Amino acid sequence: MADLAFWMIVLLTIGGAAVVVLNKNLVYSAIALLFTFFGMAGLYVFLWADFLAGVQVMIYVGGILVLIIFGVMLTNRITSVNISHSSVQRGIGAVVVLGILSILVIMIYNTPWLQVEAVEPVQTVGKIGYLLMMDYLLPFEVASLLLLAALMGAAMLSRKSN
Amino acid sequence: MNNLQSLSYYWPEIILTVTILVAIIADLFYSDKDSGKTALWVLGGLILAQIAIYIQDSEIVTTLFMGNLAFDPFASFFKTLIVLATILVIFISQKSSELDGHRTGEYYSLMAIMVFGMFLMASAIDLIMLYLAIEIVSIVSFILAGYLKGDLRSNEAALKYVIYGAFSTGIMLFGMSIIFGLAGSTKFFAIQEAMWNLEGSAQFAFTLAAIFILAGFGYKISAVPFHFWTPDVYEGAPTPITAYLSVAPKAVGFAVIIRFFNTVFGDSGAFIDPSIYTFTTIAWPQLLAVLSVITMTLGNLVALQQNSIKRMLAYSSIAHAGYMLMAIPTLSSQGVYAIMLYLVMYLFMNLGAFFVVIYVKSQGGGESFDDFKGLGWKMPIVGIVMTVFMLSLTGIPPTAGFIGKFYIFASVIKVGPQMYWLAVVGAINSVISLYYYFRVVKVMFLEGEPSETIIVPSPTVLMILFALAIPTVFFGIYWAPIADWVSRSLTLFIKVI
């Protein structure tokens with residue numbers, strides 16, 4: 001049962017991603033992205049990362065995706081112009097992609113990954129909070145400067161006059 | 001060291017953070033015309049931060065913030081270099097005609113944020129910290145590259161930069177995730193330890209991860225084949241920003257490469273014991289050697305064909321990244337020493353060359369070779385100074401560029417006959433670069449009409465010109481102070497096992 005659910009979610013994620021890339025209509029691509037993001041949240045659940053799954057839904061589905069769709073809708077003459085571009089040199093692209101894919105698959109199957117012993121699923125929120133306030137306090141604080149820079153840049157670029 | 005204790009070693013960054021906030025708030029009170037005065041706040045903050053770096057006890061070598069940052073002379077060296085570059089670029093920006101009519105308050109506050117990001121890059125010893133630091137620098141670079149909103153080329157530069165940046169960061173993160181899957185930690189030293197105990201079958205994954213991560217680092221120093229953004233971004237961005245991007249982020253990019261490869265693949269002590277590198281079958285020194293050859297050759301060959309001096313300088317900066325990369329596969333402290341020395345010399349000569357381009361443009365000229373015709377007669381001082389920078393960039397004695405190149409080649413040759421080919425390729429490339437650097441000199445003095453009137457630059461322009469040209473000549477004759485400083489800074493944090 002769990003296996004079936006897992007493969008359904010994988011199908012949802014990859015299928016969504018394929019539609020995002022292959023569809024020429026920007027609105028369809030944006031909607032397809034929704035399924036990919038949901039699928040990712042599902043994968044996090046399978047890894048027992050409950051907090052991460054919640055954050056994924058809230059930030060990516062609730063925030064970023066809505067923003068993308070707003071951006072698409074507010075752009076002028078969106079329906080008449082095919083903004084989404086079809087790719088060029090598909091043949092070479094396919095060869096390169098398949099090559100990289102096979103290398104990655106070989107790598108993943110032949111590598112002795114670090115194994116963690118299976119434990120009972122526990123809430124991860126407390127642990128993440130502890131890490132953010134102890135081991136990763138500096139990255140946590142520095143992220144605020146990153147956001148400040150991004151905010152200033154967005155304001156600067158969208159301001160009407162110079 | 002825990003978070004609270006670390007604060008007392010963190011004064012430069014704290015001063016910088018306060019500077020950023022003060023600059024942003026001060027900017028609110030300036031009218032559009034006076035907005036440029038924000039630069040004064042940023043300048044003051046940078047000087048204070050530099051004083052804080054200077055008075056820090058260089059005897060103490062430790063880690064800060066639970067092993068997120070290293071506190072060592074190596075990091076302090078790069079921080080000083082960044083502050084120096086930023087101060088010079090702030091002065092250069094004042095003289096740029098491209099920024100006229102733009103509100104420049106954000107320009108300078110964003111620059112201060114970028115300095116903060118580069119400080120972190122120079123000292124990060126944790127993958128998450130490193131990623132965040134690179135992201136800060138990248139995002140600010142995107143914004144600054146697109147600062148001239150009305151200019152289509154500037155828009156193109158920003159957009160291309162974002163797309164390439166996102167792509168290479170994605171590849172780098174994938175590599176980091178593979179390393180985390182092997183080592184179970186994001187700290188460089190824990191990864192190093194885990195690598196020692198790895199089974200042979202993990203080598204393949206490790207190699208792949210190293211290549212992926214190199215894509216992210218290579219993008220920052222614009223090494224081929226991750227250089228595609230460089231010419232367009234350098235051409236479209238405001239020229240002071242182009243000058244800045246070609247010096248400061250590149251320098252910390254090298255700091256990151258040295259620290260990462262030194263720690264994760266080696267003994268972490270500035271390549272003190274090369275024999276240690278035989279434990280791994282990964283041919284990463286050879287990989288980097290090939291990368292450096294491709295980088296300098298492509299940079300030089302394409303620079304030959306340019307008609308715009310700005311674009312020529314963009315490709316030449318790719319070539320210079322190639323020269324510096326040459327010294328990394330030597331796996332010796334001499335190699336690291338040579339790179340650090342080269343970066344100091346490169347700072348003055350490259351900023352100088354870009355400043356001349358900015359000045360000529362602000363005087364109603366342009367950026368192409370045609371616009372430089374007869375410049376040596378019209379503005380003799382500028383012409384002579386530009387000749388000095390071109391000589392130095394080629395690496396002709398007695399200029400700083402020669403000393404820089406000399407140390408790089410010496411470190412390569414010292415390794416032994418198996419590296420001679422690399423030195424030969426480097427020498428051939430230097431000869432190629434002679435052609436296009438001297439084309440500038442030829443155009444300035446031998447072409448065009450000798451003009452009747454002579455333009456003498458204003459005192460401030462002269463001051464900046466000489467502040468860049470005098471070190472370029474002086475350090476070519478007497479480089480002991482720089483050499484001393486570099487050798488004092490050659491201490492990296494080593495984990496005591």
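Calculation rules
Residue positions are counted from 1 within each chain, in the order its sequence is given. Lettering of chains starts at A and numbering of ligands starts at 1, both following the order in which they are written. In view of the model being predicted, local features appear only for residues whose pLDDT reaches at least 70, and side-chain atom pairs are presented and counted only at 80 or more, with totals across whole chains, interfaces and linings using the full set of residues. Only hydrogens and water are set aside; all other atoms, that is, all heavy atoms of the structure, feed into the side-chain values. Two aromatic rings, drawn from Phe, Tyr or Trp (for Trp, its six-membered ring), form a pair once their centres lie within 6.5 Å of each other, and the interplanar angle then sorts them: stacked below 30 degrees, edge-to-face above 60, tilted otherwise. The buried label applies to any residue whose accessible area, calculated with a 1.4 Å probe on protein chains only, is under 20% of its type's maximum; exposed applies above 50%, and partly exposed to all values in between. What makes two residues a contact is simply this: any of their non-hydrogen atoms within 4.5 Å. By salt bridge we mean one thing: a side-chain nitrogen of Lys or Arg within 4 Å of a carboxyl oxygen of Asp or Glu. Side-chain atoms alone can form a polar contact between residues adjacent in sequence; in general such a contact is a pair of N or O atoms within 3.5 Å, and within protein one must be able to donate a hydrogen while the other accepts it. Secondary structure elements are taken from DSSP: a helix is a run of H or I of four residues or more, a strand is a run of E of two residues or more, and numbering for both begins at the N terminus. Any residue outside Ala, Val, Leu, Ile, Met, Phe, Trp, Tyr, Cys, Pro, Asp, Glu, Lys and Arg is labelled polar, Gly included; the first ten of those are nonpolar and the last four are charged. Expected span of a helix: the number of residues minus one, times 1.5 Å. It is the directions from the helix axis to the C-beta atoms that the arc portrays. Residue ranges assigned to the domains are those given by an automatic or database domain assignment. Buried area: the sum, over both parts, of the accessible surface (1.4 Å probe) that disappears when the two are put together.

**Some words on the packing of aromatic side chains**
So, point 1. Taken as a whole and judged by the stated rule, the model has 28 aromatic pairs over all chains.
So, point 2. For the pair Phe 6 of chain A and Trp 7 of chain A, a centre-to-centre distance of 5.3 Å together with 75 degrees between the ring planes defines the contact as edge-to-face.
So, point 3. The class for Phe 6 of chain A is partly exposed, based on a relative accessible area of 27%.
So, point 4. Geometrically, the ring pair formed by Phe 142 of chain B and Tyr 161 of chain B is edge-to-face, given 5.1 Å between the ring centres and 75 degrees between the ring planes.

**What about the interface of chain A and chain B?**
So, point 1. Each side of the interface is counted separately: chain A has 31 residues, and chain B has 45 residues.
So, point 2. At the boundary of chain A and chain B, one finds one salt bridge.
So, point 3. Between Arg 159 of chain A and Glu 106 of chain B there is a salt bridge, and its shortest N-O distance comes to 2.8 Å.
So, point 4. Counting across the chain A and chain B interface gives seven residue pairs in polar contact (both at pLDDT 80 or more).
So, point 5. The element best represented in the side of chain A that touches chain B is helix α6 (residues 137–158) of chain A, accounting for 14 residues.
So, point 6. For the side of chain A that touches chain B, the class distribution of residues is 23 nonpolar, five polar and three charged.

**Things to note about α6 of chain A**
So, point 1. Its 22 residues give α6 of chain A an end-to-end C-alpha distance of 32 Å, which sits within 8% of 32 Å, the value for a rise of 1.5 Å per residue.
So, point 2. What α6 of chain A keeps buried is the set Leu 138, Pro 139, Val 142, Leu 145, Leu 146, Ala 149, Met 152, Gly 153 and Met 156 of chain A. For α6 of chain A, the arc enclosing every buried residue in end-on projection is 135 degrees, short of the 170-degree limit, so these residues lie on one face. Across α6 of chain A from its buried face, at more than 90 degrees, point the exposed residues Leu 147, Leu 151 and Ser 158 of chain A.
So, point 3. Looking at the packing, one finds that the buried side of α6 of chain A touches α2 (11–28), β2 (69–71), α5 (105–123) and α6 (127–145) of chain B.

**Some points on the domain arrangement of chain B**
Quoted interface sizes are often the accessible area lost when the parts come together.
All names here are of chain B.
So, point 1. Here chain B is described as being made up of domain 1 (1–213 + 230–256) and domain 2 (283–497).
So, point 2. Of note, the centres of domain 1 and domain 2, computed from C-alpha atoms alone, are 23 Å apart.
So, point 3. Contact residues are listed per partner, giving 41 residues for domain 1 and 41 residues for domain 2.
So, point 4. Overall, the association of domain 1 and domain 2 removes approximately 3,600 Å² of surface from exposure, summing both partners, and the carbon and sulfur fraction of that is 78%.
So, point 5. When the buried area of domain 1 at its contact with domain 2 is split by residue, Phe 77, Lys 95 and Phe 254 rank highest and sum to 20% of it.
So, point 6. Here domain 1 is connected to domain 2 by four salt bridges.
So, point 7. Our enumeration of links across domain 1 and domain 2 arrives at 10 residue pairs in polar contact (both at pLDDT 80 or more).
So, point 8. Here the side of domain 1 that touches domain 2 takes 12 residues from helix α4 (residues 73–94), the largest share from any one element.

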